[in-house]
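This is what each chain is made of:
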Amino acid sequence: NFKGIGKKYAAVIVDYLKEDAVNTIRMNNDILDEIPKMNKKRKEAIIEGINLDKDDETTFLLGHHLTMSDVVHLRNTYKDQLMSKLFDDPYQIIYDVDSISFSKADKFALSIGIKSDNFYRLAAFSCTLLMELCMKNGDSYCVYDQFYTYLNNKLKDYDCEIENIINYLRANRRIIVEDQRVY
């Protein structure tokens, strides 16, 4: 990606800027001026290579069920950590970006190889089921036993512990359980 930058000079850049060199340069490309033997031509080649890398990122995301609007929202939310966030837990986007639903996140996640029984997937699906149940009842909450039974019913084909999912959602403040009500 970096025309005119050989392996030896790339190693000099990484030695100077450490492992997160690309993100460091993205945040402030003037940092390149501090690297020994950096010249205008090399600097331009590196900046151009990094911009091409960002275009590849966009192409990848668009090819996996996300729209350009989604990509813009995701970039605004995650900045230079976008790809690492998406690969750590692609379902996190439903909590962080209002315009992205479980269904859209799920299409993306499954298309990049996330298994259908992935714990994060089942947890995110459980949040969606809670909203569905609340809407169905016309309330902002549902009774814990009703939620548990509903989850058990919907997730019966998956090898998962409902309690573990509920505990995870509680610990991560995705749901609140209070007086036998789930919000």
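A brief report on the enclosed structure follows. A quick note: this is a predicted structure, and the numbers were derived from the prediction, not measured.

### Structural notes on the sheet that holds strand β3 (residues 181-182)
And step 1. Read across the sheet, three strands follow the order β1-β3-β2 without closing on themselves; strand pairing throughout is antiparallel. Each having just a single partner strand, β1 (142-143) and β2 (177-178) make up the two edges of the open sheet.
And step 2. Pairing of β1 with β3 involves two bridges; the strand directions are antiparallel. The residue of β3 that forms the bridge with Val143 is Arg181.

### Comments concerning empty space enclosed by the protein
And step 1. Summed over the entire model, instances satisfying the criterion amount to one cavity of 30 Å³ or more.
And step 2. Considered as a void within the structure, the largest cavity measures approximately 40 Å³ in volume.
And step 3. Lining the largest cavity are Asp89, Tyr91, Gln92, Tyr95, Tyr120, Ala123, Ala124, Tyr168 and Arg174.
And step 4. The element contributing the most residues to the lining of the largest cavity is helix α8 (residues 119-137), with three residues.

### With respect to the packing of aromatic side chains
And step 1. With the rule as written, the count across this model stands at eight aromatic pairs.
And step 2. Centre to centre, the rings of Phe102 and Phe125 are 5.4 Å apart; their planes meet at 35°, and the pair counts as tilted. Here Phe102, found in helix α7 (residues 102-111), pairs with Phe125, found in helix α8; they are 23 residues apart in sequence, far enough to count as distant.
And step 3. For Phe102, a relative accessible area of 11% puts it in the buried group.
And step 4. What makes Phe125 partly exposed here is its relative accessible area of 21%.
And step 5. On the basis of an interplanar angle of 70° and a centroid distance of 6.4 Å, the ring pair of Phe119 and Tyr120 is categorised as edge-to-face.
And step 6. According to the relative accessible area criterion, Phe119 is partly exposed, its value standing at 33%.
And step 7. Tyr120 gets classed as partly exposed once you look at its relative accessible area, which sits at 35%.
And step 8. Among the aromatic residues, ring-to-ring pairing joins Tyr91, Phe102 and Phe125 into one connected group.

### Brief notes about helix α9 (residues 144-154)
And step 1. For α9, the complete set of buried residues consists of Tyr144, Phe147, Tyr150 and Leu151. Down the axis, α9 shows its buried residues gathered within 130° of arc, on one side only. When the buried face of α9 is taken as reference, the exposed residues oriented beyond 90 degrees from it are Asp145 and Thr149.

About the cut-offs
- Residues numbered from 1 in each chain as written.
- Predicted model: local features only at pLDDT ≥ 70, side-chain atom pairs only at ≥ 80, totals over all residues.
- Heavy atoms only, no water.
- Pairing = 2+ DSSP bridges.
- Helix = DSSP H or I, 4+ residues; strand = E, 2+ residues; numbered from the N terminus.
- 1 Å grid on protein atoms, 1.4 Å probe; cavity = no way out; pocket = protein on both sides within 12 Å on 5 of 7 lines; lining within 4 Å.
- Points joined across faces, edges and corners; volume = space filled by probe spheres on them.
- Phe/Tyr/Trp six-rings, centres within 6.5 Å; stacked < 30°, edge-to-face > 60°.
- Buried < 20%, exposed > 50% of the residue type's maximum accessible area, 1.4 Å probe, protein only.
- Arc of directions from axis to C-beta.

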